[in-house]
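Understanding the architecture of this molecule
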Amino acid sequence: AKARGRNGYRFYAMSMTGEGVERLRLETWLRRSLEKNEMFLNYQPQVEIDTGRLIGVEALVRWNHPELGLVPPARFIPLAEDSGFISQLGEWVLAQACRQMVLWQEAGLVVPKIAVNLSVRQFERGTIVFTVGDILRRTGLEPHRLQLEVTESLIMNTGDALQYINGLHALGVSLAIDDFGTGYSSLAYLKQMPVQTLKIDRSFIKDIHADANDEAIAIAIIQLGKSMNLAVIAEGVETDEQAAFLLRHGCNQAQGYFYSRPVMPDDLLQRWRP
Ligand code: C2E
Ligand code: CA
Ligand code: CA
Ligand code: CA
């Protein structure tokens, strides 16, 4: 409501629906979020189920706006993608995540791997391979410790996806297919791509004990991963029953509230530093 008095907002407010105004306001604020230091990263541990060992973390972006408070990524990532701001934001996330790996190491915690989400829009400019290479050089993080998470729709909807993914692979970073099973993927693509990891989507894990279909899908993904020599990690693991199920069916990697919520860098250090 406050923003409405500012330049031009009143005009737009009269001609747009409430939703449109809200969207425009968010978009304007979003564009300034980086310079105002409103963005930060949380990190969610990825663990080996049988040993409880830390095998990696996923970087998850957070937006703390002075008026709105914490805005969930589900609300601002699509907006950032539509407006093109995601290129800038994504680059910031990558650099920040890589820097954090070095900081943890200096503080005595070697996190084996950091996973960073990439959006389809970050591939469209054709500079993604250069950008990632540059950030690795600048931060000094070993390429094999960076994993990029891409979705099936990113792969299917990007014209030169294979070329970029080969380029990223050549840098020495690894690739994971996020939310696996929810998109329109072609298994033929999977065969061509230098991908190392499949992430089973949370939607299949959630009701794994009650829903025979979810159970069958999870098992099928684990088998597929095995036969293609890919690592398989389950996301959204919230109970020890789910973890036990995964282990029983040959999946030994998990991420989810059962192990830890996404946390601040210092919390991760406190919990995992030897
Ligand atoms: P995602 O990549 O599938 O990330 C996993 C989401 O599941 C995260 O939500 C995480 O907090 C949540 N989660 C993890 N474990 C559990 C669990 O046990 N139970 C439940 N209910 N949820 C769990 P978050 O952080 O809100 O992020 C939502 C989505 O926003 C992400 O889904 C990802 O698609 C996107 N996102 C987040 N950070 C970035 C980023 O830096 N770049 C891009 N392009 N997208 C991002
Ligand atoms: Ca992800
Ligand atoms: Ca995911
Ligand atoms: Ca998911």
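In short, a report on the structure. (Residues numbered from 1 in each chain as written. Chains lettered and ligands numbered in written order. Predicted model: local features only at pLDDT ≥ 70, side-chain atom pairs only at ≥ 80, totals over all residues. Heavy atoms only, no water.)

**Considerations on unusual backbone geometry**
One non-glycine residue with positive phi stands out, namely Asn37, at about 60°. Among the structural elements, Asn37 can be located in the loop between α2 (18-32) and β1 (39-48). On the basis of relative accessible area, Asn37 is assigned to the exposed category, the value being 68%. With a phi close to 65°, Asn229 is a non-glycine residue in the positive phi region. Note that Asn229 resides in the loop between α11 (212-227) and β8 (231-234). (Helix = DSSP H or I, 4+ residues; strand = E, 2+ residues; numbered from the N terminus. Buried < 20%, exposed > 50% of the residue type's maximum accessible area, 1.4 Å probe, protein only.)

**Concerning the pairing of β1**
Counting buried residues in β1 gives 9 out of 10 residues, a clear majority hidden from the surface. Relative to strand β2 (residues 54-65), β1 runs antiparallel, the two sharing 9 bridges. Bridge pairing in β2 places Val47 opposite Leu54. Where β1 folds back on β2, the antiparallel hairpin that results is connected by 5 residues, among which Gly52 adopts a positive phi of roughly 75°. The pairing of β1 with strand β9 (residues 253-254) spans 2 bridges and is antiparallel. Within β9, the residue paired with Glu48 across the bridge is Gln253. (Pairing = 2+ DSSP bridges.)

**Brief notes about the coordination of the calcium ion (ligand 3)**
Taken together, the protein donors to the calcium ion (ligand 3) comprise Asp178 (OD), Asp179 (OD), Glu235 (OE) and Glu235 (OE), at separations of 2.0 to 2.9 Å. Of note, the donors binding the calcium ion (ligand 3) are all from one chain and are spaced D-D-x55-E. A separation of 3.6 Å is found between the calcium ion (ligand 3) and the calcium ion (ligand 2), both of which receive a donor from Asp178. Linking Asp179 in strand β6 (residues 174-180) with Glu235 in the loop between β8 and α12 (240-248), this pair joins segments that are 56 residues apart in sequence. (Donors = N, O, S within 2.8 Å, 3.2 Å for Na, K, Ca; no water.)

**With respect to the side chain of Gln255**
Along the chain, Gln255 falls in the loop between β9 and α13 (265-272). Excluding anything up to four places from it in sequence, Gln255 contacts Gln44, Pro45, Gln46, Glu58, Lys199, Ile233, Ala234, Glu235, Gly236 and Val237. (Contact = heavy atoms within 4.5 Å.)

**Regarding the coordination of the calcium ion (ligand 4)**
Protein ligation of the calcium ion (ligand 4) involves Asp179 (OD), Asp201 (OD) and Glu235 (OE), the donor distances falling in the range 2.2 to 2.4 Å. Mapped onto the sequence, the residues coordinating the calcium ion (ligand 4) show the spacing D-x21-D-x33-E. In this model, the calcium ion (ligand 4) sits 3.2 Å from the calcium ion (ligand 3), the two metals being bridged by Asp179. Residue Asp201 is found in the loop between β7 (197-200) and α10 (202-206), and its partner Glu235 is found in the loop between β8 and α12; the two are separated by 34 residues along the sequence.

**So, the side chain of Asp178**
Within the secondary structure layout, Asp178 lies in strand β6. Within the buried core, Asp178 has no salt-bridge partner, and the shortest N-O distance to an opposite charge, that of Lys199, equals 4.5 Å. Excluding residues that lie within four positions of it along the chain, Asp178 makes contacts with Asn117, Glu149, Val150, Thr151, Glu152, Lys199 and Glu235. (Lys, Arg positive; Asp, Glu negative; His and termini not counted. Salt bridge = Lys/Arg side-chain N within 4 Å of Asp/Glu carboxyl O.)

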